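If you want the building blocks of each chain, they are given just below.
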Amino acid sequence: MVHTSNQIWQKIASAEDGPTGITRDAIAVRELSKGYPSRDGCCVQAIQQTTFSVKEGEFVAVVGPSGCGKSTLLKILAGLLPPSKGEAFLRGTPINGPRHDIGVVFQSPVLLPWRSILENVLLPVDVQRLAGDRHRKVALELLNLVGLQEFAQRYPWELSGGMQQRAAIARALIHDPPMLLMDEPFGALDAMTREQMNLELQRIWLERKKTVLFITHSIPEAVFLSDRVLVMSSRPGRITDAVTVDIPHPRRLEAMNLPEFCAIVSSIRGQFHAKGVLDA
Amino acid sequence: MHKTRDVALTVAIFCASVLLGELIVRALEVPTYILPAPSKVAIALWRGFASGLYQKHLFHTLTETLLGFLLGSALGLLLGAAVALNRYVEYFFYPYIVMFQSVPKVALAPLIVVWFGLGMKSQVLNAALVACFPLIVNTIAGLKSADEDRVNLMRSLTASRTQIFWMLRLPSALPFIMAGFEVAMIFALIGAIVAEFVGSQAGLGMLIQSMNFNMDVAGQFSVLLMLSILGLLLNRCILLIRRRVLFWDPSVKQQIEQERVVL
C-alpha cells in the first residue's frame with residue numbers, strides 16, 4: 001500500500017479534472033496548509049499540503065483519527081478559519097469568509113434553547129433576511145423530511161439527541177444550499193440511532209442531490225455513505241489516499257455485509273494500522 | 001391536596017411565631033420603647049393605614065424605588081454592554097466604574113441631596129446609582145458567556161456582529177441579567193431609604209426617622225414590617241417576569257418541573 005505522490009494525486013483528483021477542473025468542482029482544495037501558533041511560539045501544523053476535490057452532487061467522506069485536522073479542514077471550508085497557505089474554492093470562487101451556498105452541520109446540534117424547533121430551522125432565514133412566509137412552508141416540509149413534523153412547536157430540550165441533530169440537518173438545508181459540510185454529525189449518538197441517521201442522511205442526499213463533505217472517524221460509516229472516502233493521516237494532517245466505493249445507492253444496512261464493503265473497510269483500516277494509528 | 005396542606009402549614013407557622021413573640025415580650029415585661037409586642041405593632045400599622053399616612057409614604061417610596069430601578073437598570077445595561085462589547089471601553093473606563101462602585105452610597109447620598117435637593121429627584125438618583133452596579137457586572141458576565149459553538153454557527157450563517165448580538169449574545173446573557181434585576185430591585189429600595197434618611201420630605205425612610213425622634217418604637221417596627229413586605233413583593237414580581245422570559249433556562253425548567261411534582 002505504498003503510493004508515490006503522483007499516484008495519490010491522480011486518485012484524489014476527480015476524473016475529469018483538467019486545467020479548468022477548478023471551476024467544475026463543487027469543492028477544490030490545492031496545497032492547503034493550516035498552522036496554529038503553539039504555546040512555545042512554534043507552529044503546530046494541523047493540515048499540511050492537502051489537495052483534493054469534490055464533484056458537484058458527490059458524497060465524499062473524510063475519515064481519520066481524532067486530532068488529525070479534520071475539523072480544521074471543515075472550518076476552513078465553512079469560511080470560519082483562514083488557511084495559512086494554499087487555496088480553497090467552492091464552486092469556482094475562492095473562500096474568503098462564510099457564505100450562503102453551504103449548509104454546515106456541527107458535531108453537536110447547536111440549537112438555540114429559546115427558539116422552538118421550527119424557529120431554529122428558520123434561523124438561517126432570519127439571519128439572511130430571506131422571505132419568511134415562503135420559508136415557513138419549506139421549513140415544515142424539511143421537518144417532515146427529517147421526521148420531526150410533530151415537533152415543530154416543541155423546544156430543543158424536549159427532544160432526544162438524535163432528534164436534535166435531525167433538526168440541525170433541517171436547519172442546514174433551509175436556505176437550499178447546493179453543498180453540505182458535516183463535521184462528525186452523528187458522533188455523539190448511540191450505535192443504533194447512528195445507523196438510523198445514516199439511512200436518513202442517504203435518503204435526504206438522494207432526494208435533494210446535494211454535494212456533501214462528511215467528516216467522521218468511523219470507517220464503516222464513511223464507506224456506507226459515500227461515493228469516495230478520503231483517508232486522512234494525523235500530525236501533520238494530510239490526505240494520503242482516496243478510495244472509491246462502487247456500491248450503488250440507495251444502500252441498505254445489509255450492504256455492510258457485502259464482501260466488497262468489507263474489503264474497502266479493511267483496506268482503509270490497514271492503512272491506519274500501517275501508520276500505527278490503530279493497534280493491530 | 002399538598003398545596004392546601006402547605007398553605008395551612010405556612011399560616012400555622014406564622015401565627016405560632018407571632019404568638020410566641022407576644023408571650024415572650026409580655027412574660028419578660030419588656031418596655032414598649034425597647035421592643036414592642038406584636039399586638040402593639042399591629043395596632044400602629046392599623047392606625048397608620050386608617051389615617052392615610054402610611055399609604056402616602058408607601059406610595060412615595062414605591063415610586064422612588066421603581067423609578068430608581070428603571071433608571072439604574074437602563075444605566076447598568078448600557079454600561080455593561082459597552083464594557084463587554086468594546087475592549088477599549090473595558091480597558092480605559094471599567095476601572096473607574098469599579099472605583100465609583102467601591103464608594104459606599106450612604107457616603108454619597110449627602111452630596112446628592114446637596115446637588116438635587118430634598119425632592120424625589122435625589123432619592124431616585126441614589127436608588128439608581130445603588131441599583132446599577134449588579135446589572136453592570138451581570139450584563140458583562142452574561143454577554144461574554146455566549147457559547148463558542150453557537151457563535152461559530154451564527155458566523156457560518158453569515159450573521160453580522162449586530163445580528164450575533166441581538167440573536168445570540170443578548171438572549172444568552174438573559175439568565176445573568178435577570179439575576180441582576182433581582183438584586184437591583186432590592187438595592188433600589190435600600191438606596192431610596194438611605195436617601196430618605198439623609199434628607200427628604202416624604203417616604204417610609206423619613207417616617208422611620210421622625211418616629212425615632214418621637215420614641216415611637218412600635219410605629220418604627222410597623223414601618224419596617226411594611227418595608228420587608230414591600231421588598232418581598234417586588235422580588236416576587238421580578239421572579240414572575242423571570243419565569244416568563246427564561247422558560248428555556250435549566251434553572252427555571254427545573255423549578256417548574258418540581259412544582260409540577262408537588263402539585
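Residues numbered from 1 in each chain as written. Chains lettered and ligands numbered in written order. Predicted model: local features only at pLDDT ≥ 70, side-chain atom pairs only at ≥ 80, totals over all residues.

(A) Structural view of the overall build of chain A. On a plain count of helices and strands, chain A comes out with 10 helices and 10 strands. Contacts spanning at least 24 positions in sequence make up 70% of the contacts within chain A whose residues lie at least 6 apart. (Helix = DSSP H or I, 4+ residues; strand = E, 2+ residues; numbered from the N terminus. Contact = placed C-beta atoms within 7 Å.)

(B) The packing of helix 3 (residues 53-85) of chain B against helix 4 (residues 87-102) of chain B, seen in detail. Residues and elements named next belong to chain B. Direction vectors running N to C along helix 3 and helix 4 enclose 140°, while the axes themselves pass 8 Å from each other. By the criterion of interaxial angle, the relationship of helix 3 to helix 4 is oblique. Of the two elements, helix 3 crosses helix 4, and the hand of that crossing is left-handed. Across from Leu 79, Ala 82 and Val 83 in helix 3, the residues of helix 4 making contact are Val 89, Glu 90, Tyr 94 and Ile 97. Taken together, the residues of the contact of helix 3 with helix 4 sort by class into six nonpolar, no polar and one charged. (Axes fitted to C-alpha atoms, helices over the stretch in contact; angles between N-to-C directions. Parallel < 35°, antiparallel > 145°, perpendicular 65-115°, else oblique. Left-handed = near helix turned anticlockwise from the far one by under 90°. Nonpolar A, V, L, I, M, F, W, Y, C, P; charged D, E, K, R; others polar.)

(C) Seen up close, the packing of helix 9 (residues 204-213) of chain B against helix 10 (residues 217-245) of chain B. All names here are of chain B. At a minimum axis separation of 9 Å, helix 9 and helix 10 run at an interaxial angle of 165°. The angle between the axes of helix 9 and helix 10 places the two elements in the roughly antiparallel class. As helix 9 packs across helix 10, the resulting crossing turns out to be left-handed. Residues Leu 204, Leu 207, Ile 208, Met 211 and Asn 212 of helix 9 form the contact with helix 10, whose own contacting residues are Gly 219, Gln 220, Val 223, Met 226 and Leu 227. Counted by class, the contact of helix 9 with helix 10 contains seven nonpolar, three polar and no charged residues.

(D) Summary view of the pairing of strand 10 (residues 238-244) of chain A. All names here are of chain A. When strand 9 (residues 228-233) meets strand 10, the two strands line up antiparallel, connected through six bridges. Its bridge partner being in strand 10, Arg 228 is matched across the sheet by Thr 244. The turn joining strand 9 and strand 10, which pair antiparallel and follow one another in sequence, is formed by four residues; a positive phi near 45° is taken by Arg 235. (Pairing = 2+ DSSP bridges.)

(E) Looking closely at the confidence of the model for chain B. Scored by pLDDT, chain B comes out at a mean of 91, with 98% of its residues at no less than 70. The ipTM assigned to the predicted complex is 0.83, against a pTM of 0.83. (pLDDT = per-residue confidence, 0-100.)

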